Amino acid sequence: MSLVSGPGRGGTHAHDLHQKLDLFTDKHVTYIKSLDTRRNELEYWLTEHLRLNGVYWGLTALHLLGHPEALPRDETIDFVLSCLHENGGFGAAPGHDPHMLYTVSAVQILVTLDAIDELSTRNKGGKEKVGQFIASLQDVRTGSFCGDEWGETDTRFLYGALNALSLLHLTHLIDMEKAVSHVASCANFDGGYGISAGAESHAGQIFTCVGALAIANRLDLVDRNKLGIWLSERQLPNGGLNGRPEKLEDVCYSWWVASSLAMIDRLHWIDSEKLAKFILTCQDPSMGGLADRPGDMVDVFHTHFGIAGLSLLQYPGLEEVDPVYCMPRKVTRRVLEHR
Amino acid sequence: MASHGVPRTSAPTERTPQAQAAELQKIQEYKDLVELVNTKIRQREYTADTLALISKLLKRNPEYYSIWNHRRLVLQQLFSDAQQAAQIKQPITSSNDTTSHPESTPDNATTDAAPATHPTQYPASEQIELLLISDLHFLVPLLREFPKCYWIWNHRQWLLQQATHLLPVPRVRRLWQEELGLVAKMLSMDSRNFHGWGYRRRVVAELESPELQGTSMAEDEFSYTTKMIKTSLSNFSAWHYRSKLIPRLLNERGASREERRKFLDSEFNLIQNALWTDSADQSLWFYHAFLMSELSTTPSTSSSSSSSSPSTSSSSAIIPDLSPTERVALLSRELDNIKEMLEDEDEDDTDTAPAERKYIYHALVQSTLEKQKWIRAVEAHAEPKAIADDKDEVQSWISKLRALDPFRMGRWDDVARQVDDLYA
Amino acid sequence: MDSLSGTFWDVVIAGTGLQQSLLALSLSRSGKKVLHADKNRYYGGFEAAFTLQEAEEWLNKGDEDSPLRPFRKASSVPQASLDGSNKAPKLSARAYSLALSPQLLYARSSLLQALISSKVYRQLEFLAVGSWWIYVPRDRSETGEALTSSHGELKKVPNGREDIFSDDLIDLRSKRSLMKFLKFVADYENMSEVWSDYASIPFSEFLRSRFGISMSLQAPLLALTLSPVSPSETPTSFALPRIARHLRSMGVFGPGFGAVLPKWGGGAEIAQVACRACAVGGGVYVLDEGISDVSNAPADQGEMPGQVGSSAHHPVAVTLSSGETVNTLWLVGSPDDIPKKSGTTRSGNEPESPTREEVTSKSISIVSSPLTGLFPQTAEAGPVPAGAVVVFPPETLLTEEKVAENQPPVYIMVHSSDSGECPSGQCILYSSVFISGDEGQATLDLAVNRLLSSLGEDPKSCLLWSMRYSQQGPSLHSGVVSSCEERSPGQIFFPRSSNGLAFDDELLNNVKCAYEKIVGSDNEDSSFMAFSDREVPTSYMSDEE
């Protein structure tokens, strides 16, 4: 799954916002399937460090679009496992160092493909090995999580850990209470959350913190009204959402802001119809894919989050997405409701 | 992260054969470099030459996180090499500066046995410092070109952390002090760069730490936020930082109740000044709401109010012990202030953009609701007539909000319900 | 040297003033044969920059009262040394480059865009024009004593929102009104319903009634308009585009400033660079050659090659002051460069009754102090500016007896030595007021003295040298926009240069008008002043991208 941008461009066919826009499902499916074939582009190689994330984004988007079979299952599993290291962590691509971000993507992919067992059957140490790697990255003093042995700390990693461990039913490996209190320490004057304690509120980090609290069943700690206000103010006159005040709209925030709102029961505080329309204008109707905003190059990252956003807004024809896990609801239901 | 804001002009499929061939050539060169670096690392060739190759690759692709890890492996080796070398080359002096290595005798003295000028507690510090500074320099142009790349900021932080472990305190302090200069420059180029602000907090924390013989920099940092705000009112990052500094600041000042009250008033003055200058600015209204929430922590007598929020806002940052009467007075004062902003407004006024007015009405509604809750908390002061009058006003404001800001209709519906509940 | 008359010229340009030089630049890639002549021994015409020596020579040429000579009653007044002892420093004549028409160049101006697109900007160095100041009389000293009217101080004009926020002397309501206006003017073209009724009404009236901005707060906004006439004569339609230009230019080239000045003497430098570009493109330059006669009959030429497009006219015979006559398809110049007797002229439009012309009194003063207080850094990461604008609202220069309804403001452009116009440690004051004759000069003297006093300098001792002159030009105010005029077949006239304190975009329209006549307007628009880099690299043309 390559992270090459383009060739399509969002909004290349000037659509009037008042006109009815379609979701070009087939084009997007074709686009996603084509991504791994673009090895004659330099950018393909320059983005190798995002490969496993890319697979997760592409796979999830395909599921939501109703085409779960579009990527070859076995090859995908093989690729994922080829990124696994001795210590249970996954790198972005074969030969890349293990890191929380890619480990989480790996777990999400395997769970979606219902292939967690492969970790045992292929003598990879089973899911426990992976769980241990993730757990080892928690700072026992503060409850926060690092990305890898080199120490970068970010609430994204905390969320990732809870996401993956809960899917693997291994949350007992970490100190959940400490993790929760760390998230609480990242709360800000505006009800939002940042990368770490003291950091400014940012929609992406808000998603990770609220998601983490949701998984830990501690949404009671969120000031829903305050946060809801801040999140709802992300909607700009063009219908799109930005990530924090004074910034530009970007289709990926259609996910992070909207899912956060959904988790605190405030999704109705924005105009879903206008947002959906905005997301649709980010498509390239002929070459497929979505861009961050009309006029820019498409890529799989924005394709995934745009479609996930549409699903959250209950756009017809899409599979339901889980706002906490950013995975198909069918999958999370299967995994989580079955203990 | 993936591409944001990439408006490229020509699609790859439209490229000429020559261009395609050139690209394949570039791909090969890149892959060869990657292979070379990875091979050297695999073979544990942690040398200065490898470092140079890594630099070449990172300039090409600073997002390739594994290569940063490789770089750190090489550097760690070079640090340890430096330390080894320093222990072998024991300084011999004619003074009674005894050495800790019994095996070195005057006969074994090396030709460049210069006397150590300070104790051998940090034997290799000069060499290590050189390595660190060289890496810090390497990062600067990269940081300028990719100011939002997590990996670059991380590596910088790692370098400074190494300094803290390996170098004597005065040198470490100097290095962190220089970092403050660097981050100030980065923030002057982009005052909303959250990497920069985060790094700044990190730097300040280090400089304040007892390990580095530091003292609190809260006052300086508070002034810094004032400066940044004066440079750009819309600087949400600066207002946010300010909100974080205030509790500590007041505690460190040992501020009395009177002083805290004064401080709150001066912050209100500041934000009023800002709002009167530009009432369309979102950042200002959020900070204003923060100050207002200082006045309105949840009263203990609240009924099933949907706006009650536990733990998070119950402890005020500025004045924890305002009496309900004081709260009502302050809320009323602020309400009057905001209402004044509307006085010049004309219904048909076309030069005030709707967005601006919405914030005013929203602030009015929120503040009135809070005021009402406190009025009820002070039962003796509850005047039914005053409450009822308020309600009509609040509902008229909500209608204005619906008209001015239809996107958030769902929110106004919920607010209207809140009003109904409160005044029921 | 080849005789000029042996060549059949496509274009003869008379005078190397800015407009003509820009035309030459625009033609530099066209392949047209261009002969560019100037009656002076220097480039720049009325936008010339002088060394002290050249300035003295120019002044000594004496008063020519011909109405078509724009500079009148010029006289240099070197300051006497203080007590007879030769304290006055000897001024090195060549260390100065005094601009006859120092104008500031806004970032969002078509001229600057043209300099960039034509690539000649690389040969120019631009410096920031930073703070704008308003003179405010002070009637009380710090200790509370009443002061005479000759005391005052300079107050900085706010650059925008943050300056307004930080100004403790403006009350909250006024801040709000000011900001409302600033936001309106940023988009005024789309809000004509707000101001169209006030278009020809004085701007101060508009500010007062539409935005509630009191008189005392209007001075900064009026200053930004650079209006040569009094506020009561400055209509809203004049003020709005100029304030908009100022605000939109802010920050474009760096924080805290919106306009620049070209180093080494303003318009003269631009003119020279433009001429140079034309020369590189094959243009021929002659100085000390004016036009003595023009006629439409060609001088004994048979074939007339190269008639272009719609210009089916006979070539023009141009006689230079040396006596030589050349033939050209086109002759372009201003009324001051082309004699009025033009052979077979059309009846009707008399070239010498131009639009209502008025006189601006000007002075140039050399000050022996750098006046650094006028040039604070524009912003934290911003440059140290080389230019400052000081505005004296009309009422600040009146003595108690005089109350003139239509008293114009005085403008003083101050250039530091960074501009290259004077040696380090000194600066140049360029003063102007829209009042003619002695009264005008007296007003300028007063303003200069007040400026220096307010900065703590003693005018008597720090004014090293000054010269006074006047400029006659079309009033910016008359509202008539004259484009280029083809008064006779093949003869294109530019209007006389404006007196404006900022380069006027109209200037470029005039140039484009002439350009299109010459190359034919079926050429694509985009080629006007839009060039790619030349093939042959020279050191100053290296691409810095």
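Residues numbered from 1 in each chain as written. Chains lettered and ligands numbered in written order. Predicted model: local features only at pLDDT ≥ 70, side-chain atom pairs only at ≥ 80, totals over all residues. Heavy atoms only, no water.

- Under an unreviewed UniProt entry, the name given to chain C is Rab proteins geranylgeranyltransferase, and the source organism is Xylona heveae.
- Recorded under Sequence similarities (unreviewed entry), the UniProt text for chain C is reproduced unchanged: "Belongs to the Rab GDI family." (UniProt positions renumbered as here; feature names shortened; annotations may be inferred.)

- You'll find chain B entered in an unreviewed UniProt entry as Geranylgeranyl transferase type-2 subunit alpha, with Xylona heveae given as the organism.
- As its UniProt record puts it under Function (unreviewed entry), chain B is described as follows: "Catalyzes the transfer of a geranyl-geranyl moiety from geranyl-geranyl pyrophosphate to cysteines occuring in specific C-terminal amino acid sequences."
- Quoted verbatim from the Catalytic activity (unreviewed entry) field of the UniProt record, the comment on chain B reads "geranylgeranyl diphosphate + L-cysteinyl-[protein] = S-geranylgeranyl-L-cysteinyl-[protein] + diphosphate".

## Observations concerning the overall build of chain B
Right, on to step 1. Along its length, chain B carries 15 helices and zero strands.
Right, on to step 2. Going through the 424 residues of chain B one by one, you find that 50% of them count as buried.
Right, on to step 3. Once local pairs closer than 6 in sequence are excluded, the contacts in chain B between residues at least 24 apart make up 67%.
Right, on to step 4. Split by element, the accessible area of chain B, about 20,100 Å² in all, is 52% carbon and sulfur. (Helix = DSSP H or I, 4+ residues; strand = E, 2+ residues; numbered from the N terminus. Buried < 20%, exposed > 50% of the residue type's maximum accessible area, 1.4 Å probe, protein only. Contact = heavy atoms within 4.5 Å. Areas by Shrake-Rupley, 256 points an atom, 1.4 Å probe, with all protein chains shown as cover.)

## Considering the interface of chain C and chain B
Right, on to step 1. Listed per partner, the contact involves 18 residues of chain C and 30 residues of chain B.
Right, on to step 2. The contact between chain C and chain B buries some 2,000 Å² in all, and 47% of this surface belongs to carbon and sulfur atoms.
Right, on to step 3. Looking only at chain C, the three residues that lose the most surface to chain B are C:F165, C:R173 and C:R176, adding up to 37% of its buried area.
Right, on to step 4. Scanning the region where chain C abuts chain B turns up five salt bridges. (Buried area = accessible area lost by both parts, 1.4 Å probe. Salt bridge = Lys/Arg side-chain N within 4 Å of Asp/Glu carboxyl O.)

## Structural notes on the state of the cysteines
Note on terminology: a disulfide is the covalent bond linking the sulfur atoms of two cysteines.
Residue and element names in this part refer to chain A.
Right, on to step 1. A complete count under the given rule lists one disulfide over all chains for this structure.
Right, on to step 2. Distance from the sulfur of C146, which forms no disulfide, to the nearest cysteine sulfur (C186) is 13 Å.
Right, on to step 3. Look at C146 and you get buried, because its relative accessible area is 16%.
Right, on to step 4. Looking at C282, it has no disulfide partner, and the nearest cysteine sulfur is the one in C252, 10 Å off.
Right, on to step 5. The class for C282 is buried, based on a relative accessible area of 0%. (Disulfide = S-S within 2.5 Å.)

## What about the packing of aromatic side chains?
Right, on to step 1. One pass over the full model with this rule turns up 38 aromatic pairs over all chains.
Right, on to step 2. A ring pair is formed by A:F189 and B:F290, whose centres lie 5.5 Å apart and whose planes are at 80°; its orientation type is edge-to-face. In this pair, A:F189 is assigned in the loop between α9 (176-185) and α10 (203-215) and B:F290 in helix α11 (residues 282-295), connecting two distinct chains. Of the two residues examined, A:F189 and B:F290, each falls in the buried class.
Right, on to step 3. The interplanar angle of 70° and the centroid separation of 4.9 Å between the aromatic rings of A:F301 and A:F305 together place this pair among those described as edge-to-face. Taken together, the residues span about one helical turn, with A:F301 and A:F305 both in helix α14 (residues 300-312) at a distance of four residues. Taken as a pair, A:F301 and A:F305 share a single burial class, namely buried.
Right, on to step 4. Among the aromatic side chains, those forming a connected cluster through ring pairs are A:F189, B:F236, B:W239, B:F286, B:Y287 and B:F290.
Right, on to step 5. The positively charged end of A:R51 is found above the aromatic ring belonging to A:Y44, 4.0 Å away from the centroid.
Right, on to step 6. Taking the ring centre of B:Y224 as reference, the NZ or CZ of B:R200 above it sits at 3.5 Å. (Phe/Tyr/Trp six-rings, centres within 6.5 Å; stacked < 30°, edge-to-face > 60°. Lys NZ or Arg CZ within 6 Å of the ring centre and 35° of its normal.)

## Observations regarding the nonpolar core
Right, on to step 1. If you look at the biggest cluster of nonpolar residues, it comprises 241 residues, and the most contacted ones within it are A:F90, A:F145, A:Y193, A:W255, B:I271 and B:I318.
Right, on to step 2. Discounting residues that sit within four places of it in the chain, A:W255 has contacts with A:F207, A:S260, A:F305, A:A308, A:G309, A:L312, A:V321, A:D322, A:P323 and A:C326.
Right, on to step 3. The next biggest cluster of nonpolar side chains, apart from the first, holds 65 residues, and it includes C:F50, C:L221, C:Y430 and C:A502. (Core = buried A, V, L, I, M, F, W, Y, C linked by side-chain atoms within 4.5 Å.)

## Section: the interface of chain B and chain A
Right, on to step 1. Facing 64 residues of chain B, the contacting portion of chain A comprises 69 residues.
Right, on to step 2. Both sides together, the interface formed by chain B and chain A hides about 5,800 Å², and carbon and sulfur atoms give 56% of it.
Right, on to step 3. Summed over the shared surface of chain B and chain A, the result is three salt bridges.
Right, on to step 4. One salt bridge connects B:K358 with A:E233, and the closest N-O pair in it is separated by 2.8 Å.

## What about a nonpolar patch on the surface?
Residue and element names in this part refer to chain C.
Right, on to step 1. Taken together, the side chains of I116, V252 and F253 present a nonpolar region at the surface, about 220 Å² in accessible area.
Right, on to step 2. Within the secondary structure, F253 sits in the loop between α9 (236-249) and β9 (259-262).
Right, on to step 3. What makes F253 partly exposed here is its relative accessible area of 42%. (Patch = residues over 30% accessible without salt bridge, like charges linked within 9 Å, V, L, I, M, F, W, Y side chains within 5 Å.)

## Considerations on the packing of helix α7 (residues 194-208) of chain B against helix α9 (residues 236-253) of chain B
All names here are of chain B.
Right, on to step 1. Where α7 contacts α9, the axes come no closer than 11 Å and their chain directions differ by 25°. On the basis of the axis angle, α7 is roughly parallel to α9. Crossing angle aside, the handedness with which α7 passes α9 is right-handed. In this structure, α7 uses W197, R200, R201, V204 and E208 to contact α9, whose residues at the interface are S237, A238, H240, Y241 and R248.
Right, on to step 2. Split by residue class, the contact of α7 with α9 holds four nonpolar, two polar and four charged. (Axes fitted to C-alpha atoms, helices over the stretch in contact; angles between N-to-C directions. Parallel < 35°, antiparallel > 145°, perpendicular 65-115°, else oblique. Left-handed = near helix turned anticlockwise from the far one by under 90°. Nonpolar A, V, L, I, M, F, W, Y, C, P; charged D, E, K, R; others polar.)

## Points about unusual backbone geometry
Trans peptide bonds make up most of the peptide bonds, and negative phi angles are found at most residues other than glycine.
Right, on to step 1. Of note in this structure, A:H169 is not a glycine but carries a positive phi near 60°.
Right, on to step 2. Position of A:H169 relative to the elements: it lies in the loop between α8 (155-167) and α9.
Right, on to step 3. Look at C:W264: it is not a glycine, yet its phi comes out positive at around 80°.
Right, on to step 4. Position of C:W264 relative to the elements: it lies in the loop between β9 and α10 (267-280).

## Some remarks on the pattern of salt bridges
Right, on to step 1. Throughout the structure, instances matching the rule amount to 62 salt bridges over all chains.
Right, on to step 2. With its nearest N and O atoms 3.1 Å apart, the salt bridge here joins B:R333 to B:D265. Placement of B:R333 in helix α12 (residues 324-343) and of B:D265 in helix α10 (residues 257-277) is noted, with a sequence separation of 68 residues between them.
Right, on to step 3. For B:R333, a relative accessible area of 31% corresponds to the partly exposed category.
Right, on to step 4. Taking the shortest distance from any N to any O, the salt bridge between C:R41 and C:D288 comes out at 3.5 Å.

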